[in-house]
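# Residue-level structure breakdown
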Amino acid sequence: MQEVKQFFIRHFITAPVSFGSWLIFLLGAGMNFFAATGLMIAIYLGGTFTIKQIQLSSNVKKLGMSRSEYQHIKTQIAEAKGKIKRLNSMYGQVRSVQAFKQVYEMNNLAKRILSIVRSNPQKFYHVERFFYSHLDSAVELTSKYSMLVNQPLKDQELRVALQHTRETLTDVNKQLEQDLRSALATDIEQLQLELDYVDVTMNHNKPLLHMKGDLPHDRKQINDR
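In this report, the structure presented in the accompanying data block is examined. It should be emphasised that the depicted structure is a prediction, and the values quoted were computed from it without experimental measurement.

## Quick notes on the overall build of the protein chain
Check the secondary structure of the protein chain and you find six helices and zero strands. Counting helices and strands in the order they occur from the N terminus, the protein chain gives α-α-α-α-α-α. Look at the contacts in the protein chain between residues 6 or more apart in sequence, and 68% of them connect residues 24 or more apart. When the accessible area of the protein chain is evaluated, it comes to approximately 15,200 Å², of which 62% is carbon and sulfur surface.

Structure follows, in structure tokens:
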């Protein structure tokens, strides 16, 4: 979401500047159309590139990362997106309800983890094994299962291999669930701290609320006397 916003910001800035420059070159400076247009394109491309670099520097500064770290994480996100797309394409290749459910759950978990890391790149370091190992295992095992299940042979050895693959996919599913917990761990801790703070604040104010609530009653007793 942040990248889309920044994309529109830099083009919103450079578009009117480059077009205004084109008019100045064409009408004010008396340049021919092709020269003015060439300069306009150069200003547009140069402006968007410069603003993009400024935005990138601002992003990595806020995250406390180096540019190389940030670019590495973006590369891993892009690769993971391709792997999830491949995993998503295997729905029609598995034939059992159990395997279909496993693929669905793994795909759903992987999408959630990727969405969290895209929103907060620092979360990458909480789920590195997801990017380097677990997602690869999910894709490769699902691919292997879909290949085996579509074989015409149905002997005992193949049945054992399919059963073993399904069991391993269950283990991979559990690994992805743990990755999601790791990605959410700091958010849960922060939420708990905020809830504890609210509880403490409310409990601290309760005696004052009781005292304020007793005042009218006390005044009534005084007036009755």
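## Considerations on the side chain of arginine 166
As for its position among the elements, arginine 166 is in helix α6 (residues 156–224). Among the polar contacts listed, one links the side chain of arginine 166 to the side chain of tyrosine 145, at a separation of 3.1 Å. Those residues in contact with arginine 166 that sit more than four places away from it in its chain are Ser96, Gln98, Gln102 and Tyr145.

## Some remarks on the pattern of salt bridges
By the definition in use, this model includes two salt bridges. Arginine 86 serves as the salt-bridge partner of glutamate 140, at 3.3 Å between the closest nitrogen and oxygen. Linking glutamate 140 in helix α5 (residues 128–149) with arginine 86 in helix α3 (residues 67–88), this pair joins segments that are 54 residues apart in sequence. Exposure remark for arginine 86: the relative accessible area of 37% places this residue in the partly exposed category.

Analysis parameters
Residues numbered from 1 in each chain as written. Predicted model: local features only at pLDDT ≥ 70, side-chain atom pairs only at ≥ 80, totals over all residues. Heavy atoms only, no water. Helix = DSSP H or I, 4+ residues; strand = E, 2+ residues; numbered from the N terminus. Contact = heavy atoms within 4.5 Å. Areas by Shrake-Rupley, 256 points an atom, 1.4 Å probe, with all protein chains shown as cover. Polar contact = N/O pair within 3.5 Å; in protein donor to acceptor, adjacent residues only side chain to side chain. Salt bridge = Lys/Arg side-chain N within 4 Å of Asp/Glu carboxyl O. Buried < 20%, exposed > 50% of the residue type's maximum accessible area, 1.4 Å probe, protein only.

None of the figures reported here should be taken as evidence of function without further support.
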